[in-house]
Amino acid sequence: MSAHLTLSDLRHDLGGEALFSLPALDLRPGQLTVLTGPSGSGKTTLLHLLAGLMTPTAGRVDWDGIDLARLPEVARDRWRRKRAGLVFQDFHLIPELSPLENVLVPAWLGAFSASRKRGRAQELLARFGVPERARVAVLSRGEQQRVALARALLMEPAVIFADEPTASLDSASGAAVAQTLLAMARTEGRSVIAASHDPALIALADRRLRLERGKPVEVA
Amino acid sequence: MNPLPIVRASLARNPLTVILFTLLIALAVALGIAISVQERALRQGSARAADRFDLIVAAPGSQTDLLFSTVFLRPTAVELLPGQIVHQILNDKDARFVAPIAFGDSHRDSAVVGTTADFVTYLSNGLAEGQPFTSINQAVVGSLVDARVGDTLEISHGHADDLTDGSGDADSYDAGDHHDHDHTEGEAHDHHDHAHEDVTVTGRMKPTGTPWDHAVVVPVEYIWNAHVMGTGHAPGDTHIGPPWQADQMPGLPALVVKPDTIAAAYGLRSRYRTAQSTAFFPAETLVELYSVMGGATRVMSWLTLAAQVLVVTAILGGMLAVLDLQRQRFAVLRALGASAAYVFASVWIYVGTMILAGAVLGLPLGWAASAIATSVISNATGVQMTATLGWTELRMAATLLALGFALALVPAFRLYRASVVAGLR
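Please read these numbers as outputs of a predicted model, since none were measured by experiment. (Residues numbered from 1 in each chain as written. Chains lettered and ligands numbered in written order. Predicted model: local features only at pLDDT ≥ 70, side-chain atom pairs only at ≥ 80, totals over all residues. Heavy atoms only, no water.)

When you go through chain B residue by residue, the secondary structure sums to 16 helices and 11 strands. What you see for chain B is a C-alpha radius of gyration of 31 Å, clearly larger than the 22 Å of a compact globule of 425 residues, by over 25%. Principal axes of the C-alpha set define a box for chain B whose edges measure 105 × 45 × 40 Å. Within the span of chain B, comprising 425 residues, buried residues form 53% of the whole. A total of about 18200 Å² of accessible surface is found on chain B, and carbon and sulfur atoms cover 61% of it. Taking the average location of the 25 positive side-chain charges in chain B and that of its 38 negative ones, the two points are 30 Å from each other. (Helix = DSSP H or I, 4+ residues; strand = E, 2+ residues; numbered from the N terminus. Rg over C-alpha atoms; globule rule 2.2 N^0.38 Å. Buried < 20%, exposed > 50% of the residue type's maximum accessible area, 1.4 Å probe, protein only. Areas by Shrake-Rupley, 256 points an atom, 1.4 Å probe, with all protein chains shown as cover. Lys, Arg positive; Asp, Glu negative; His and termini not counted. Charge placed at Lys NZ, Arg CZ, Asp CG, Glu CD.)

What follows is the structure in structure tokens.
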């Protein structure tokens, strides 16, 4: 389940200018890493690069020896499907589906049987205290984000990417989500990488990387 | 890989749009189906109606007009065949039987047709009730005429259609017999003049599925007599039907000839295609009509198909707009690991489902529209028609379906190529 990330000579340009460059970075599994920095500093872009949603201008994004930057799109899709879980600021649930169905979405994407994952989906919803059958729209924002967390965990990914996971939540819900992300890293041994402004989440992180003027700075 | 739950969710997202688009496709399909079914029903019904009219001999003129007036009892202006030629045909040895056909009068909405009792029996395979007429003021009614055996019917000069607009002098019979017959304009407007005596119903025909089901059939002598042309018999001779006297023979609009053999049929047709008469097989004239009608139908069908393609294209245009609203959803799916093929399949099935539903709904809708039109036309013409779905319509729906599925590739390809990162913003 663990995943080890190594970045080397990573550079990403935007409009002909360098957005950021990382000569080297090593993230070990079982850690919660938070990317911070002002808006427009490239936190989300870096997260997308690490998740293989886009490819860098130069450099390597090496997950356990697999360089995502060199993989074709189909292979990057497959890597995310099998190895990664994603959590978004606005949850991005499908309102026409029940919470249970929303959690099962990753199981429909690949060549595996969704029925085998049904039990795990129910288990995750029970763990997060969200009803299986309800209209997503009537769930609280905290509950909706917990459904999104359950969806991210369904396929038992080695890496969790979270983009501003607490930004849309009240402080109590945000704190609960932050604790969950921490538990995913420390208890379950996953690599959890989040982009966030939330001081509560930043405070819990094992590593903090601040993006400033295109350079990530390790914050104590 | 299972895109169906996503398709279901996408369909549920804009139900009104989905229903509207599906209905538009259904209407486009129904239009094509209705035209095709209607054309076939008309062709089969008219062919069945003309089935018992082997050869028609008449005065030179439009065969189509003669066909419409003799078989379909539609009022058209036809010339009269001279009496001596009528007599010659009536006694032709190559004919198994010859039936004189005279028209020009009406009873309420029913055409009054003069012929022989034998032809009535032949046309309807015997009578449903009563007896054939045996005297000049008797009648046999078609199966759908609102009259009972024993009723007395009032006969008017001119056709029902003419009576409606008060222009009784447009009578086709008069158009031909103007030289024998001296109706004044005033008489022509007098719909029940002294020459038209009432007739008593003696029998009812079995259903024929032709306009004759709405007709009142009288002895041909009645029509001649009513139009002051004699009876074809010597004065004082009151019998009806053959034989008629050559020197007393009035003119006639048409004769229906049943030849003995196929060779005899062609011989008769050739013999009576002269300067004074024309002879034709109704089936032949119908084939020519079908050819014109078929050509028009083909043009209509292509126009309909073009309209359907335009409708589907317009719908796909709308679909692109609707799908643009769902771009983020598909970007999220890609971020979660969905392959581009998964997104492509989801969008294609989503659009294809609407096209399939529209086509499936359009088939019965088109059939129902055609059944209503068929019923209206049947009532108006008396030609019994049946609206049935055939391979042509299924092929038509399948063609549109195939085109729709092909066009559905456009939005599918568009989302397949869409940037994931841009969609997530």
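In the predicted model, chain B carries a mean pLDDT of 83, and the fraction of residues at 70 or more is 91%. Note that residues 162-194 of chain B has pLDDT below 50 and, in this model, 64 contacts with residues that lie over four places away or in other chains. (pLDDT = per-residue confidence, 0-100. Contact = heavy atoms within 4.5 Å.)

What follows covers a nonpolar patch on the surface. There is a patch of nonpolar side chains on the surface, built from Leu16, Ile19, Leu23 and Leu361 of chain B and spanning about 400 Å² of accessible area. In terms of residue count, the dominant contributor to the nonpolar patch is helix α2 (residues 15-49) of chain B (three residues). (Patch = residues over 30% accessible without salt bridge, like charges linked within 9 Å, V, L, I, M, F, W, Y side chains within 5 Å. Salt bridge = Lys/Arg side-chain N within 4 Å of Asp/Glu carboxyl O.)

Here we come to the interface of chain B and chain A. On the chain A side, the residues contacting the 23 residues of chain B number 21 residues. Summed over both partners, the interface of chain B with chain A comes to about 2000 Å²; 63% of that surface belongs to carbon and sulfur atoms. Joining chain B to chain A, the criterion identifies four salt bridges. For Glu101 of chain A, the salt bridge is made with Arg8 of chain B, and the minimal N-O distance between the two is 2.7 Å. The interface formed by chain B and chain A holds nine residue pairs in polar contact (both at pLDDT 80 or more) in total. (Buried area = accessible area lost by both parts, 1.4 Å probe. Polar contact = N/O pair within 3.5 Å; in protein donor to acceptor, adjacent residues only side chain to side chain.)

What follows covers the pattern of salt bridges. According to the stated counting rule, one finds 24 salt bridges over all chains in the structure shown. Residue Glu73 of chain A pairs with Arg334 of chain B through a salt bridge whose shortest N-O separation is 3.1 Å. In this pair, Glu73 of chain A sits in helix α2 (residues 73-83) while Arg334 of chain B sits in helix α12 (residues 327-335), so the two residues belong to two different chains. In this structure, Arg271 of chain B and Asp94 of chain B form a salt bridge, with 2.7 Å as the shortest nitrogen-oxygen distance. Here Asp94 of chain B lies in the loop between α4 (83-90) and β2 (95-107) and Arg271 of chain B lies in helix α10 (residues 262-271), a separation of 177 residues in the sequence. Linked through salt bridges whose partners overlap, the residues forming this network are Arg60, Asp62, Asp67 and Arg70 of chain A.

Residue and element names in this part refer to chain B. Position of Glu221 among the secondary structure elements: in helix α9 (residues 220-226). What Glu221 contacts, discounting residues up to four positions off in sequence, is Ile136, Gly230, Thr231, His233, His239, Ile240, Gly241 and Trp244. A polar side-chain atom of Glu221 sits 2.9 Å from a polar atom in the side chain of Trp244.

Below, the discussion takes up the pairing of strand β6 (residues 84-87) of chain A. Residue and element names in this part refer to chain A. Taking every second residue as pointing to the same face, both faces of β6 are buried, with Ala84 and Leu86 on one and Gly85 and Val87 on the other. Across four bridges, the pairing between β6 and strand β7 (residues 159-163) is parallel. From the neighbouring strand, Val87 faces β7, where its bridge partner is Ala162. (Pairing = 2+ DSSP bridges.)

Here the focus is the UniProt feature "transmembrane region" (unreviewed entry) in chain B. Here, UniProt's "transmembrane region" (unreviewed entry) annotation points to residues 299-323, 330-349, 355-377 and 397-416 of chain B. Regarding residues 397-416 of chain B, the helix share stands at 95% and the strand share at 0%, and the terminal C-alpha atoms are separated by 28 Å. (UniProt positions renumbered as here; feature names shortened; annotations may be inferred.)

The subject of this paragraph is the UniProt feature "domain: ABC3 transporter permease C-terminal" (unreviewed entry) in chain B. Under the local residue numbering, the UniProt record ascribes the feature "domain: ABC3 transporter permease C-terminal" (unreviewed entry) to residues 310-419 of chain B. Taken end to end, residues 310-419 of chain B has its terminal C-alpha atoms 29 Å apart, with 85% of it in helix and 0% in strand.

All names here are of chain A. When you line up the elements, Ser21 lands in strand β2 (residues 17-27). Taking relative accessible area as the criterion, Ser21 reaches 18% and is therefore assigned buried. Residues Ser21 and Asp9, 12 residues apart in the sequence, show an inter-C-alpha distance of 7.1 Å. Here Ser21 is in contact with Leu10, Arg11, Gly214, Lys215 and Pro216, once residues within four sequence places are set aside.

Let us look at the sheet that holds β2 of chain A. Residues and elements named next belong to chain A. Spatial strand order, β2-β1-β4-β5: four strands in an open sheet with antiparallel pairing. Taken across any chain shown, the strands that pair with only one partner, and hence form the sheet edges, are β2 and β5 (66-67). Bridge analysis of strand β4 (residues 58-63) against β5 gives two bridges, and the strand direction is antiparallel. From the neighbouring strand, Asp62 faces β5, where its bridge partner is Asp67.

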